[in-house]
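Here is how the chains run, residue by residue.
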Amino acid sequence: MERDTKRGLLIVIIVLLAIIAIALSGIFGLMLFRQSNIGINLGIDEQYPTVMTRNEESKYEAYFIELNAGAVEITNSEDGKLHYSIQADEKKLSVSEKDGALIIIDKSKSVSRMKTNKTSRIRLAVPSDFGGSFNIKSDAGNITLENFPEATLNAEADAGEIKVSEIKNIKADCDAGNIKIDKINNRADISADAGNINIGTADIKENSKLECDFGNITVYEISEVKVNAKCDLGKCTVNKSVDDSQIILEVNADCGNIDIN
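Residues numbered from 1 in each chain as written. Predicted model: local features only at pLDDT ≥ 70, side-chain atom pairs only at ≥ 80, totals over all residues. Heavy atoms only, no water.

Asker: Where do I start with the overall build of the chain in this structure?
Answerer: Within the chain, the secondary structure is distributed over one helix and 19 strands. Every one of the 261 residues in the chain was classed for burial, and the buried ones make up 39%. In the chain, 44% of the contacts between residues at least 6 apart in sequence involve partners at least 24 apart. Total accessible area on the chain is roughly 13600 Å²; 51% of this is exposed by carbon and sulfur atoms. (Helix = DSSP H or I, 4+ residues; strand = E, 2+ residues; numbered from the N terminus. Buried < 20%, exposed > 50% of the residue type's maximum accessible area, 1.4 Å probe, protein only. Contact = heavy atoms within 4.5 Å. Areas by Shrake-Rupley, 256 points an atom, 1.4 Å probe, with all protein chains shown as cover.)

Quick look at the structure:
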């Protein structure tokens, strides 16, 4: 009887592992398929021509950027002014101002001809002391920010990576792709469905949250906060946590490892 019980448990474990393997292969297959549509894995990337270039005083309190397929790159301005360049289908592009915000909406679609994939690119250079918010939504493409230690980033990416050098507050949601942040100076609310979350230094001053469905969560240096970490399927390692801290970092991984240092 005991032998039959063990055999039954073994069969259940094997079935569960098979289901997880099928789910993972489906999700990562979707990642590759969606990324191939924007030229990451198939063909050669080619951007739409530049249709707008601006150099002006930095006066905006917020930036709202939305695009279908392409990259958003926000760097530090060296002269204290705002510079931006947009490569897109001009007929699908809208640029406007409202309530102190610059709004860029690009509905250009990824166009594939033979072995060439044509995508959009939106590039901004903003002074590093900018203290407002960047609000970016991308269906397919990478989002990249340099050093903005006083700014807030709200980012949504369906298929693509989010990379940030330094930010004060961040709320990021990525369906398929990695999230990499070198330094966070205050608050984080980060979620990844299929991809890793990597944070260099997390100087957390308000309650924060990191969540990952399929992928690993790694924080290389954490401030004096209490860490509540939970792994459903994976290895959970928390080397630093201050139990009597009033600031709490919640870390959850459904299928992946957690490593907090």
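Once the structure has been displayed, the description carries forward.
Asker: Even after reading the chapter, I still don't get the side chain of Asn 186, so can you show me in this structure?
Answerer: On the secondary structure map, Asn 186 appears in strand β12 (residues 179-194). Dropping the residues within four chain positions of it, Asn 186 is found in contact with Lys 168, Asn 169, Asp 203, Ile 204, Lys 205, Glu 206 and Ser 208.

Asker: Even after reading the chapter, I still don't get a negative patch on the surface, so can you show me in this structure?
Answerer: A cluster of acidic side chains, namely Glu 211, Asp 232, Glu 250 and Asp 254, defines a negative patch on the protein surface. Tracing the chain through its elements places Asp 254 in strand β18 (residues 248-255). (Patch = residues over 30% accessible without salt bridge, like charges linked within 9 Å, V, L, I, M, F, W, Y side chains within 5 Å. Salt bridge = Lys/Arg side-chain N within 4 Å of Asp/Glu carboxyl O. Lys, Arg positive; Asp, Glu negative; His and termini not counted. Charge placed at Lys NZ, Arg CZ, Asp CG, Glu CD.)

Asker: Explanation requested: the packing of aromatic side chains in the structure shown.
Answerer: Each aromatic ring pair is described using two quantities: the centre-to-centre distance and the angle formed by the ring planes. Applying the stated rule across the entire model yields five aromatic pairs. When the ring of Tyr 63 is compared with that of Phe 134, the centres are 5.6 Å apart and the planes differ by 20 degrees; the resulting orientation is stacked. With Tyr 63 in strand β3 (residues 62-76) and Phe 134 in strand β9 (residues 133-140), this residue pair connects regions lying 71 residues apart in the sequence. Of the two residues, Tyr 63 and Phe 134, both sit in the buried class. Plain terms: the ring middles of Phe 130 and Phe 134 are 4.9 Å apart, the flat faces sit at 50 degrees to each other, and that makes the pair tilted. One exposure class covers both Phe 130 and Phe 134, and it is buried. These aromatic residues form a ring-pair network of at least three members: Tyr 60, Tyr 63, Phe 130, Phe 134 and Phe 148. (Phe/Tyr/Trp six-rings, centres within 6.5 Å; stacked < 30°, edge-to-face > 60°.)

Distances and angles like these do not, on their own, reveal function.
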